[in-house]
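Observations on the three-dimensional arrangement
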Amino acid sequence: MSIIQVEHLSKSFKYYEKELGLKKSLKNLVKRKSLIKEAVSEISLVIEQGEMVGFLGPNGSGKTTTLKMLSGILYPTSGQATVLGYVPWERKKEFKMQFSIVMGQKSQLWWDLPANESLYLNKCIYEVEDKPYNLVLDELTEILDVKDLLNIQVRRLSLGERMKMELIASLIHRPKVIFLDEPTIGLDLISQKRIREFLKYYNQQTKATVILTSHYMADIEDLCKRTIIINQGKIVYDGDLRRVNELFHTKKIIKLQFTDEVPRQALSDYGVITQHDGLNAVMEIDKHDLQQLSKMMLDRFPILDFTVEDIPVERGIESLYQKDGVRHESLAEV
Amino acid sequence: MSISLSEIRKHVRMFFIFAKNSLVGYMEYKANFYSGLIMETVFLLSKLIYIIFVYQLGIEINGISPDQMMIFTGTYTIMIAIYTGLFMDNFYRFAGHIRNGTLDLYMTKPLSLQFMISLRHVNFAFPIPNLIAGITMIVLAWQRLGIDPSFIHLAGYIGVILSSTIVTYSVLLLPQILAFWTVKSGSIFDILDKCWDLNNMPMYIYPKWLRRIGLYVVPILFITNMPSVYLIDRLDLFLGIWIFAAPVISLLVVRLFWKLAVKHYESASS
Amino acid sequence: MKALQKYKRTYILALQNEMEYRTDFLMSIISGGFIILVQCFLWTAVFRSSPQEIINGYSYSQIIIYSVLSGVVSKLVSAGFEGEIANDIKTGGLSKFIAQPIHYFSYRICNFFGGKTVQTAVVLVLFVILMIVFTQIWEFQLRAGQIVLFLVSILFGLLINFLLFYSISALAFIITEVWGVFIAFNQGVYLLSGAIFPLNIFGDTFARISSYLPFQYVVYFPVKIINGSLTIHEIVPGLLVQAVWVIVLMIISKLSWDSGMKKYVAVGG
């Protein structure tokens, strides 16, 4: 059975229009106009045990809202979902004992206390016995290299260290499902990398199912085989991130290095030149003709080095965002 | 929701861990503790102004003598100690949990959300001066009025205080729950604070209709008046029953309202 | 004046913000009226139980008028930003003011008066109604000059109260969990400003002490102007004392903030 099943999940928010200007404010005092925003609409997906899935999308696309519904924080407006066989928003204790959510911008640690007090608190909340608790704590602090920091007040820790504590706190009870909402937000590159490595390791070791949202491409690219791209509340892509480009781009990038100067005109027969300085050139070439054309070029030019690359994923995603999710159906089959 | 014994035990244990954490927090900031202590003493003095005023007048107000008045003020001060010690910190932070979205995190914990939000912090600084002053006033007035210091009287008084504590929790938590609907709830707290000040004076200075509302509808007057009324022998049968019924009913109401609010909860950030 | 533009904007934003939370605004008015009611009940009970007509120099009508007006005025001048300041200091939000070309003090005062503008409008309407009621029930007269002086003293009162709370806010630099201190201070000011009982009710010694403190100029003094218990020869020096207090408190707030800023180490937020 699948760990997470979501069918036609939707969530809309009511909010009040805020108009600028004094006169409008005065008017608001009397009557406020309410508007409805569809944060998530008709999302369906299935996630198997041990999968590590990334939710990617611009700000306000509905990633967090989806995660909140899956963790039972929000009731959906319509649709169904089960996580570990439970309906999340029924908030059953048995369900809560088996999952965990980490929000990059919200802390569950007691600010003024040493981190180990908060960890101990979670031990009690999740009813973890002493032995497994010490085992998990030893293991996690070892991997994350924060053993010495346990007795330091949380407020004195750096952002990266705090995030590590945050992660430990949420893993004390060995959750089967872990939701991570922007776990690397605001962190420096090294900390980001550390956290990523840890998550990868943890996922492999424990076979826990992980859903991760981020707007850092690197997070998702590095961690998740499967990426779900959400834009304007809809799933616009579900699959391997590296294959996003196959949908839009039939081109490849080749980088050439010559032993002698090659004029621009000579190259232009083979494809679009994006960079050229005589000894080096970068070109975009149609995928289907790649083999034939590269052979021709190797024969014709004094080529020292020759590499073929994919078009960067960012460009594919950009195209997805621009499409506003209209191609949802056709994409889902890929 | 079924309430099992082991769940209750877990929550009690959690409460002590929360209390311990609060205490550790105080240890980390000792200066903060002392300044809180001093300030609360100032606060206490400003409340005592009423009883000073009454003694200065030296007359019975609506049939209540200054000494009897001191029973009321003493009880009031003890109730302040209980309120500030157990509840105030939590209630004060309530809206913040919603605004910052930390409530979202608590919601996913296998522990009663209401418990976690409303009994998370214990204040050790504020109750100290109030407890000392309150008990002193009660002992003083007790002697001056010549009330028999029997076990029955003492146990009864403590019992009614307990009943009042539950009512305090319910009545003061109730408006905080409104923060689920309006985010900026500063004035909700304000209104409460003022409501609470009604207890500065015995309920007998208020007209009958207000007394009835304050006892039976929004039992804010219940809090300090019932223990005092018990001591100065003004209790009738109906009020006697109410001492047992009010905490049960008010706790039930606040629980239901809480459930309703959580159901309607939409977190601050979409 | 480009430089002033940002402060004007702050003022207007605060004003709009105050409008936005209309339910809370309404609540605060209700809660203001609530405490007045308690005072009135107390005094009614006292006067009913007492054989005397005059208690501590006040007749029944005088004390009721005082209670009502002091309640309204104390509501009007109340601060309430000290928590926000503490938060700015604690979470490092203050850092952005250090970086930006906007002075924190100016920002706060514009913000304060922005919010107060809305409340003043409502309170003034209330005031007019109350005055009409009082003049109808009791023989109570009001002159135009009195109202002008009253408004001036209110403005000073607002400034004094702002400065008091702004100065005390600097405590957040040295105390992390400072809110308890603020509540207590709030209550202290409330009491010493004469919002609960008129200050001269506790005897001459108390009255003399409080005349050396700034607090009575926040509520007690303005209310006594409109109450009609002060002559013009008492009002003018009083206004001058208010002005002096504004200057003194400005210096105090400057000192407290300067020393606080030195200690300020932004916590990475």
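Only a predicted model underlies this, so the values are computations on that prediction, with no experimental measurement involved.

The helix and strand tally for chain C stands at 11 helices and zero strands. Secondary structure elements of chain C, listed N to C terminal, follow the sequence α-α-α-α-α-α-α-α-α-α-α. For 269 residues, the compact-globule formula gives about 18 Å, and the C-alpha radius of gyration of chain C, at 20 Å, lands near that figure. C-alpha atoms of chain C, sized along the principal axes, occupy 65 × 35 × 35 Å. Counting the 269 residues in chain C, one finds 55% classified as buried. Of the contacts made within chain C by residues no fewer than 6 positions apart, 79% connect residues no fewer than 24 positions apart. Looking at chain C as shown, the accessible area adds up to about 12,300 Å², and 67% of this sits on carbon and sulfur atoms.

Here we come to the packing of aromatic side chains. Tallied over the entire structure, the rule returns 50 aromatic pairs over all chains. Following the ring pairs from residue to residue traces out a cluster consisting of C:F81, C:Y104, C:F105, C:Y107, C:F112, C:F113, C:F162, C:Y166, C:F173 and C:W257. Just above the ring of A:Y133 sits the side chain of A:K123; from NZ or CZ to the centre is 5.9 Å.

This part takes up the UniProt feature "transmembrane region" (unreviewed entry) in chain C. Residues and elements named next belong to chain C. UniProt's feature table lists "transmembrane region" (unreviewed entry) at residues 25-46, 58-77, 118-138, 144-166, 178-199 and 235-253, given in the numbering used throughout. Split by type, residues 178-199 is 64% helix and 0% strand. Its first and last C-alpha atoms lie 28 Å apart. Taken end to end, residues 235-253 is 100% helix and 0% strand, and its two terminal C-alpha atoms sit 26 Å from one another.

Mapped onto the elements of the fold, A:K123 is located in helix 4 (residues 115-125). By relative accessible area, which is 5% here, A:K123 ends up buried.

Right, let's get into helix 11 (residues 232-263) of chain C. Residues and elements named next belong to chain C. Look at helix 11: 46 Å from first C-alpha to last across 32 residues, which is about the 46 Å you get at 1.5 Å a residue. All buried positions along helix 11 are accounted for by I235, G238, L239, Q242, W245, V246, L249, S253, S256, W257 and G260. Summarising the contacts, the buried residues of helix 11 are in contact with helix 4 (82-91), helix 6 (104-137), helix 7 (144-169) and helix 10 (220-227).

Quick look at unusual backbone geometry now. Residue and element names in this part refer to chain A. Although it is not a glycine, H8 adopts a positive phi angle of roughly 50°. Mapped onto the elements of the fold, H8 is located in strand 1 (residues 4-16). Overall, the relative accessible area of 45% leaves H8 in the partly exposed class. The backbone phi angle of R91 is positive, close to 55°, even though this residue is not glycine. Along the polypeptide, R91 turns up in the loop between strand 4 (78-83) and helix 3 (93-96).

Moving on, we get to the side chain of A:T66. Residues and elements named next belong to chain A. Its place among the elements puts T66 in helix 2 (residues 63-70). The buried category is assigned to T66, whose relative accessible area is 1%. There is a polar contact of 2.6 Å between the side chain of T66 and the backbone oxygen of G62. Once you skip the residues sitting within four places of it in the chain, T66 turns out to touch V40, I43, F55 and I230.

Residues and elements named next belong to chain A. If you trace the four strands from one edge of the open sheet to the other, you get 11-12-10-13, paired in antiparallel fashion. In this open sheet, the two strands that pair with only one neighbour each are strand 11 (272-276) and strand 13 (303-309). Going from strand to strand, the sheet's axes swing by 20° on average, the running direction of each strand aside. Both strand 10 (residues 251-258) and strand 13 contribute to a ladder of six bridges, which runs antiparallel. The partner of I254 across the bridge, within strand 13, is V308.

All names here are of chain A. Judged by pairing direction, the sheet is mixed, and its six strands sit side by side in the order 5-6-7-3-8-9 without closing on themselves. The open sheet is flanked by strand 5 (99-103) and strand 9 (234-239), the only strands paired with a single partner. Across this sheet, the average inter-strand angle for adjacent strands is 15°, counted without regard to direction. Bridging between strand 5 and strand 6 (residues 177-181) involves five bridges; their strand directions are parallel. Each bridged residue has a counterpart across the sheet, and for F99 the counterpart in strand 6 is V177. Contacts between helix 6 (residues 159-171) and the sheet are confined to strand 5 and strand 6, with strand 5 contributing the most and set at about 165° to the helix.

A few words now on the packing of helix 5 (residues 130-144) of chain A against helix 7 (residues 189-206) of chain A. Residue and element names in this part refer to chain A. The geometry of helix 5 relative to helix 7 is characterised by a closest axis approach of 10 Å and an angle of 140° between their N-to-C directions. Viewed along their axes, helix 5 and helix 7 form a crossing whose handedness is right-handed. Across from E139, L140, I143 and L144 in helix 5, the residues of helix 7 making contact are F198, Y201 and Y202. Of the residues assigned to the contact of helix 5 with helix 7, the class counts are six nonpolar, no polar and one charged.

The subject of this paragraph is the UniProt feature "transmembrane region" (unreviewed entry) in chain B. Residues and elements named next belong to chain B. Mapped onto this structure's residue numbering, the UniProt feature "transmembrane region" (unreviewed entry) falls at residues 37-57, 69-88, 122-142, 154-174, 213-232 and 238-258. Annotation note: span residues 37-57, helix share 100%, strand share 0%, distance between end C-alpha atoms 31 Å. Secondary structure content for residues 154-174 is 100% helix and 0% strand, while the C-alpha to C-alpha distance between its ends is 30 Å.

Once that is clear, we can look at the pattern of salt bridges. For the structure on display, the rule yields 25 salt bridges over all chains. Among the salt bridges present, the one from A:R226 reaches A:E51, with a minimum N-O distance of 3.2 Å. Taken together, the positions of A:R226 in strand 8 (residues 226-231) and A:E51 in the loop between strand 2 (34-47) and strand 3 (52-56) put the pair 175 residues apart, joining distant regions of the chain. Of the residues examined, A:E51 reaches a relative accessible area of 22% and is grouped as partly exposed. A salt bridge links B:E7 to A:K93; its shortest N-O distance comes to 2.5 Å. Of this pair, B:E7 sits in helix 1 (residues 5-28) while A:K93 sits in helix 3, each in a different chain. Here B:E7 falls in the buried class, since its relative accessible area comes to 18%. Via salt bridges that share partners, A:K93, A:E127, B:E7 and B:K10 belong to a single interconnected network.

Attention now moves to the interface of chain A and chain B. Taken together, the contacts link 35 residues of chain A with 32 residues of chain B. For the pairing of chain A and chain B, the buried interface totals around 3,100 Å² over both sides, and the portion due to carbon and sulfur atoms is 59%. Among the residues of chain A in contact with chain B, A:K106, A:W110 and A:I125 are the three that bury the most area, contributing 20% of the side total. For the interface between chain A and chain B, the tally reads five salt bridges. A salt bridge links A:K106 to B:D104; the nearest nitrogen and oxygen atoms lie 3.7 Å apart. Counting every contact that joins chain A to chain B gives nine residue pairs in polar contact (both at pLDDT 80 or more). When contributions to the side of chain A that touches chain B are tallied by element, the ones reaching two or more residues are strand 1, helix 2, helix 3, strand 5 and helix 4 of chain A.

What counts and how
- Residues numbered from 1 in each chain as written.
- Chains lettered and ligands numbered in written order.
- Predicted model: local features only at pLDDT ≥ 70, side-chain atom pairs only at ≥ 80, totals over all residues.
- Heavy atoms only, no water.
- Helix = DSSP H or I, 4+ residues; strand = E, 2+ residues; numbered from the N terminus.
- Rg over C-alpha atoms; globule rule 2.2 N^0.38 Å.
- Buried < 20%, exposed > 50% of the residue type's maximum accessible area, 1.4 Å probe, protein only.
- Contact = heavy atoms within 4.5 Å.
- Areas by Shrake-Rupley, 256 points an atom, 1.4 Å probe, with all protein chains shown as cover.
- Phe/Tyr/Trp six-rings, centres within 6.5 Å; stacked < 30°, edge-to-face > 60°.
- Lys NZ or Arg CZ within 6 Å of the ring centre and 35° of its normal.
- UniProt positions renumbered as here; feature names shortened; annotations may be inferred.
- Expected span 1.5 Å × (residues − 1).
- Polar contact = N/O pair within 3.5 Å; in protein donor to acceptor, adjacent residues only side chain to side chain.
- Pairing = 2+ DSSP bridges.
- Axes fitted to C-alpha atoms, helices over the stretch in contact; angles between N-to-C directions.
- Left-handed = near helix turned anticlockwise from the far one by under 90°.
- Nonpolar A, V, L, I, M, F, W, Y, C, P; charged D, E, K, R; others polar.
- Salt bridge = Lys/Arg side-chain N within 4 Å of Asp/Glu carboxyl O.
- Buried area = accessible area lost by both parts, 1.4 Å probe.

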